[in-house]
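If you want the building blocks of each chain, they are given just below.
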Amino acid sequence: MAEIRKLRKGEIYPVEYICRMTAGNLSKKEPIVGNRIAKMYSTYYARECYDTCFVVADDEDKPVGYILCEPDCKRYRKLYRKIDVPAIKEIDFSCGVEAWFFPVPYMFFGKKYPAHLHIDILEEYQNQGYGSKLMKALLEELKSRGVPGVMLMANSENEGAIRFYKRLGFKTLLKTKGPIIMGIEIK
Ligand SMILES: CC(C)(COP(=O)(O)OP(=O)(O)OC[C@H]1O[C@@H](n2cnc3c(N)ncnc32)[C@H](O)[C@@H]1OP(=O)(O)O)[C@@H](O)C(=O)NCCC(=O)NCCS
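Here's what I pulled together on the structure shown here. (Residues numbered from 1 in each chain as written. Predicted model: local features only at pLDDT ≥ 70, side-chain atom pairs only at ≥ 80, totals over all residues. Heavy atoms only, no water.)

Quick look at the site of the ligand
Spelled out, the test is: We call a residue near a molecule or strand when any one of its heavy atoms sits within 4 Å of it. In protein, a polar contact means a hydrogen-donor-capable atom and an acceptor-capable atom, both N or O and within 3.5 Å, with residues adjacent in sequence counting only if both atoms are side-chain atoms; elsewhere, any N or O pair within 3.5 Å suffices. Per-residue accessibility takes into account occlusion by the displayed protein chains alone, with areas from the Shrake-Rupley method and a 1.4 Å probe. A run of H or I in DSSP becomes a helix once it reaches four residues, and a run of E becomes a strand once it reaches two; helices and strands are each numbered from the N terminus.
As a matter of local geometry, the ligand sits amid 17 residues, with Ile121, Asn127, Gly129, Gly131 and Ser132 nearest to it. Taking Ile121, its main chain carries an N or O atom lying 2.7 Å from an oxygen atom of the ligand. Between Gly129 and the ligand, the recorded distance is 2.7 Å, taken from a backbone N or O atom to an oxygen atom. Relative to its unbound accessible area of 930 Å², the ligand is 67% covered by the protein chains. Of all the secondary-structure elements, those providing two or more residues to the shell around the ligand are β4 (115-121), α8 (130-144), β5 (149-155) and α9 (159-167). With four residues, the single largest contributor to the shell around the ligand is α9.

Let's talk about the layout of surface pockets
Condition: As defined here, a cavity is a set of points on a 1 Å grid over the protein atoms alone where a 1.4 Å probe fits but cannot get out. A pocket is an open set with protein on both sides within 12 Å along at least five of seven lines, and residues line them when an atom is within 4 Å of a point. Grid points are joined across faces, edges and corners, and a volume is the space filled by probe spheres set on the points. Charged means Asp, Glu, Lys or Arg here, nonpolar means Ala, Val, Leu, Ile, Met, Phe, Trp, Tyr, Cys or Pro, and polar covers whatever is left, Gly included.
For the largest pocket, the calculated volume is near 1,500 Å³. Secondary-structure elements contributing two or more residues to the lining of the largest pocket are α1 (12-22), α2 (25-29), α3 (31-41), α7 (103-108), β4, α8, β5 and α9. Residues belonging to the lining of the largest pocket are distributed by class as follows: 27 nonpolar, twelve polar and six charged.

A word on a nonpolar patch on the surface
Our working rule: Patch building starts from residues that exceed 30% relative accessible area and form no salt bridge, then joins like charges within 9 Å and nonpolar side chains (Val, Leu, Ile, Met, Phe, Trp, Tyr) within 5 Å. Only one rule defines a salt bridge in this text: a Lys or Arg side-chain nitrogen within 4 Å of an Asp or Glu carboxyl oxygen.
On the surface, Phe93, Val97, Trp100, Phe101 and Val104 cluster together to form a nonpolar patch covering roughly 480 Å² of accessible area. The element best represented in the nonpolar patch is helix α6 (residues 93-100), accounting for three residues. Examined against the element boundaries, Phe93 turns out to sit in helix α6.

Structural notes on the nonpolar core
Selection rule: Residues belong to a common nonpolar core when they are buried Ala, Val, Leu, Ile, Met, Phe, Trp, Tyr or Cys residues joined through side-chain atoms within 4.5 Å. Per-residue accessibility, obtained with a 1.4 Å probe over protein chains only, is compared with the maximum for each type, and a residue is labelled buried under 20%, exposed over 50%, and partly exposed between these values. We call two residues in contact whenever any of their non-hydrogen atoms come within 4.5 Å of each other.
Counting 62 residues, the largest nonpolar core has Tyr80, Leu117, Val150, Tyr165 and Phe170 as its most contacted members. Looking at this core element by element, the count peaks at seven residues for α8. In contact with Leu117, not counting residues within four places along its chain, are Ile67, Leu68, Cys69, Met135, Leu138, Val150, Met151, Leu152 and Phe170.

Looking at α8
This is how it is decided: The span you would expect from a helix comes to 1.5 Å times its residue count less one.
The end-to-end C-alpha separation of α8 is 21 Å, in line with the 21 Å expected for 15 residues at 1.5 Å each. Considered for burial, the residues of α8 that qualify are Tyr130, Gly131, Leu134, Met135, Ala137, Leu138, Leu139, Glu141 and Leu142. Gly146 sits one or two residues past α8 and shows a positive phi near 75°.

A short note on the environment of Ile180
Its location among the elements puts Ile180 in strand β7 (residues 179-185). In this structure, the C-alpha to C-alpha distance between Ile180 and Ile12, residues 168 residues apart in sequence, is 27 Å. Those residues in contact with Ile180 that sit more than four places away from it in its chain are Leu152, Met153, Ala154, Asn155, Ser156, Ile162, Thr172, Leu174 and Lys175.

Okay, structure coming up:
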């Protein structure tokens, strides 16, 4: 039986692995693509804010799913652009340029929703209630820290994930043909 626990300091590789395996077929099958995606979307959180991240850990205590959260979008903008964007540019310059813009939507909605999250669970552990448990753990953690809201970005075509977020109380803040931005106030 898997259980929910906090991510630990230094647990970067398992987070990158889950990110690679859940970001689509190309990311799963092509290590170069997967590595680039993991560096863009997951490494920062495991390094800088593991204390507000939770994992589903299997029987051997190995993470098989995560909810990654940066509670402070201003800190994210500063550190992500200082440390991660240059590292991503080294791997692939255009991905680095793309990544430089990642903090923009978080800053735009940052007054009401200063925190943002990413949630991914390995396929064999999906649809068993772990995503809901991860979200509950995170919302309780953010509430105890006095964080007023958390937002996220998803692909508009990811209907299953959007249904999941809506069921948990997330509202749509902005919907485009590409990404959809959702948020929840924490009371
Ligand atoms: C989206 C995601 C995080 C949701 O997590 P999850 O653990 O699968 O979600 P839950 O199991 O809590 O809930 C999802 C579904 O399972 C059902 N469910 C909940 N508890 C369950 C249980 N104990 N047993 C069986 N089904 C259950 C829910 O009714 C829900 O059904 P729905 O499809 O009608 O919404 C996960 O599926 C995932 O990682 N997907 C791939 C990556 C991804 O899309 N990430 C989001 C990017 S924005």
